[in-house]
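Working through the structure, step by step
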Amino acid sequence: MNATVIEPPLASEQALLGGCILDPDRITEAAGIVSAEDFYRPEHGRLWMLLRDMRAAGDVVDLVTVTEAVLRGGHADQYGGLTYVLSLTERVSSTVNLPHYARLVADGHQRRRLTREADAIAQAAREGAPLTALRARLAMLAALDGADGEQEWTTYADAAERALAAMDAVQNAGGSTGAPVPWAALMTLVHALPRGQVTVLGARPSHGKSALARNFAECCAESGDAVLVFSLEMSDTQIASMTLCSYAGVPLSDAMRGRLDQRAWTALEATRPGVADLPIYVSTAPDVTADDVVSRTQAMARRLERRGQRIGLVVIDYLQLLRKDRGADGRNDSAIIGEQTRALKVLAVALDIPVLLLSQLNRKATDADGRDAEPNTAHLRDSGSIEADAAIILLLHRPHRGSQDTPDTKAMVRVAKNRFGALGDVFLRWDGPAVTFRDEDWTAMQRMVD
């Protein structure tokens, strides 16, 4: 299929160049709108650079000096020839319209760029490219919209001003902006789950990573921001049951076995209104891809915005349960997971939201005796792309899980990667009956590392 053809604004290019020769005072104004790369014809772009450089050097710009500059070195043909350059002034009705012509030239370049990228995406889709890769290219296509020439760049002055504004927002908020952290112990290393970033939470099966993620979700929802939970392992009823029991101080096992006494029922009934008011939205749709997470989050963000709400956190439980589209080339798991984590990172940046991505650890996270060893980033399944795309990596470990001699109440959260602070281990208390994690005075045992 032939690529779409966008008619270049050649008349506007000619009028702009001819007008700048006749009225060189307008060159500086036009230079703020158009660049040499915007011109469709290369000789027009070279002539524009010649006029701009002459003006910047303080040289006189008129028919005589431009003729001399074009003829200098015997390369008049690179500007289309002297006769052609001089004829450009005849195409100008009024120099008042030069900014309008400059905008038409810049817009024409932008349209051609967008069209080329759109054609490339369409061709890739016809050839069976993975959906995740196509969505990433669409995100880049959207970024091209309105970005052109010098608009793609920012000065350090502008960047510094925005950086100070961001610091001021953090100062006024009393700490880092992002999803709040529920435990004082962990806050010594991680002040918040940062917006625009992916935080990975890894653990071996049955160590409580879903419970830890639920605690993050509850804390964020209590602050008033909406939380989206993509639960691929538990039903919405199971998740809500854990929250109710945790808030009411009722053992979940008693609720599941029908062993609740009147006191427990009273506590649950008293807790229910507060839990019902939490702005947590749970999706338990099966067979979900990373693309589904992206599109559904974007749709929900628009719905919430109409209600005056914003997304404070997105939780995905968990990475390895996302459906893998292998495509026609039969890609392996590592390649697919790389595309998934990159798509989620693009989502976090695009919507400026924190994404908490749960991940299982591989079987290497056990010692020679089959016991769960202290985890590290190498234990993340398909760890290369996960580690690269995460701003923060939290690894959960319960050292006494399954022990017959030591109560299983101690939990370690290892901050294994942290772009915004220190690394180290912090300790929480695992409340098994309520299926939740709580603060405890383990700070003296904290081991800081560089």
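Before going into details, it helps to say that this report is about the structure given with it. This structure is a prediction, so every number in the text was calculated from the model and none was measured. (Residues numbered from 1 in each chain as written. Predicted model: local features only at pLDDT ≥ 70, side-chain atom pairs only at ≥ 80, totals over all residues. Heavy atoms only, no water.)

**Looking at the packing of aromatic side chains**
This is how it is decided: Classification of ring pairs rests on two measures: the distance between centres of Phe, Tyr or Trp rings, Trp counted by its six-membered ring, which must be within 6.5 Å, and the angle between planes, read as stacked under 30 degrees, edge-to-face over 60 and tilted in between. Helical segments are the DSSP runs of H or I of at least four residues, strand segments are the runs of E of at least two, and each set is numbered from the N terminus. Here's how the labels work: a residue is buried when its accessible area is under 20% of the maximum for its type, exposed when over 50%, partly exposed in between, all with a 1.4 Å probe on protein chains only. Ring-over charges, as used throughout, are those where CZ of Arg or NZ of Lys falls within 6 Å of the ring centre and within 35 degrees of the ring normal.
Taken as a whole and judged by the stated rule, the model has three aromatic pairs. Each ring, one from tryptophan 183 and one from phenylalanine 216, has its centre 5.2 Å from the other, and the planes form 85°; the classification is edge-to-face. Of this pair, tryptophan 183 sits in the loop between strand E1 (178-180) and helix H9 (184-187) while phenylalanine 216 sits in helix H10 (residues 209-222), and the two are 33 residues apart along the sequence. On the basis of an interplanar angle of 45° and a centroid distance of 4.7 Å, the ring pair of tryptophan 430 and phenylalanine 437 is categorised as tilted. The buried category is assigned to phenylalanine 437, whose relative accessible area is 3%. Lysine 209 extends its terminal NZ or CZ atom over the ring of tyrosine 318, reaching a point 5.0 Å from the ring centre.

**Some points on the nonpolar core**
Cut-off, in case you're wondering: Among buried residues, those of type Ala, Val, Leu, Ile, Met, Phe, Trp, Tyr and Cys that are joined through side-chain atoms within 4.5 Å constitute a nonpolar core. Throughout, a residue-residue contact means that at least one pair of heavy atoms, one from each residue, lies within 4.5 Å.
Counting residues in each nonpolar core, the largest one holds 48 residues, and the members touching the most others are Leu186 and Phe216. Excluding anything up to four places from it in sequence, phenylalanine 216 contacts Pro180, Val181, Pro182, Trp183, Leu186, Leu193, Leu313, Leu356 and Leu394. Val293, Ile337, Leu347 and Leu380 belong to the second largest nonpolar core, which has 31 residues in total.

**Considering the pairing of strand E8 (residues 392-397)**
For clarity, the cut-off: Should DSSP find at least two bridges between two strands, the strands are taken to pair.
Across the six residues that make up E8, a large majority, six, are buried. Alternating positions in E8 separate into two faces, Ile392, Leu394 and Leu396 on one and Ile393, Leu395 and His397 on the other, with burial throughout. In this structure, strand E3 (residues 198-203) lies alongside E8, joined through four bridges in parallel fashion. Residue pairing in the sheet places leucine 201 in a bridge with leucine 394 of E8. Pairing between E8 and strand E9 (residues 410-418): six bridges, direction antiparallel. Within the sheet, the bridge partner assigned to isoleucine 393 lies in E9 and is lysine 417.

**With respect to the environment of proline 354**
Within the secondary structure, proline 354 is located in the loop between helix H15 (333-351) and strand E7 (355-360). Residue classification places proline 354 among the buried residues on the basis of a relative accessible area of 1%. For the pair proline 354 and proline 194, spaced 160 residues apart in sequence, the C-alpha to C-alpha distance is 5.5 Å. The contact partners of proline 354, leaving out residues within four places of it in the chain, are Gly178, Ala179, Leu193, Pro194, Arg195, Gly196, Gln197, Gly312, Leu313 and Val314.

**So, the pattern of salt bridges**
Side-chain pairs of opposite charge can arise whenever the charged atoms involved come near each other. Stated formally: Salt bridge, as applied in this entry: a Lys or Arg side-chain nitrogen positioned within 4 Å of an Asp or Glu carboxyl oxygen.
Within this structure, the stated rule accounts for 12 salt bridges. The salt bridge involving glutamate 218 is made with arginine 214; its shortest N-O contact spans 2.8 Å. Here glutamate 218 pairs with arginine 214, and both are found in helix H10, just four residues apart, close to one helical turn. The residue aspartate 431 makes a salt bridge to arginine 438 at a minimum N-O spacing of 3.0 Å. A cluster of three or more residues bridged by salt bridges with shared partners is formed by Arg195, Asp225 and Arg310.

**A word on the pairing of strand E4 (residues 226-231)**
Of all six residues in E4, six are buried, a share of seventy percent or more. Neither face of E4 is open: one carries Ala226, Leu228 and Phe230, the other Val227, Val229 and Ser231, and all of them are buried. Note: E4 against strand E6 (residues 311-317), six bridges, orientation parallel. Across the sheet, residue phenylalanine 230 finds its bridge partner in E6, namely isoleucine 316. Where E4 and strand E5 (residues 280-283) come together, four bridges link them in parallel fashion. Across the sheet, residue valine 227 finds its bridge partner in E5, namely isoleucine 280.

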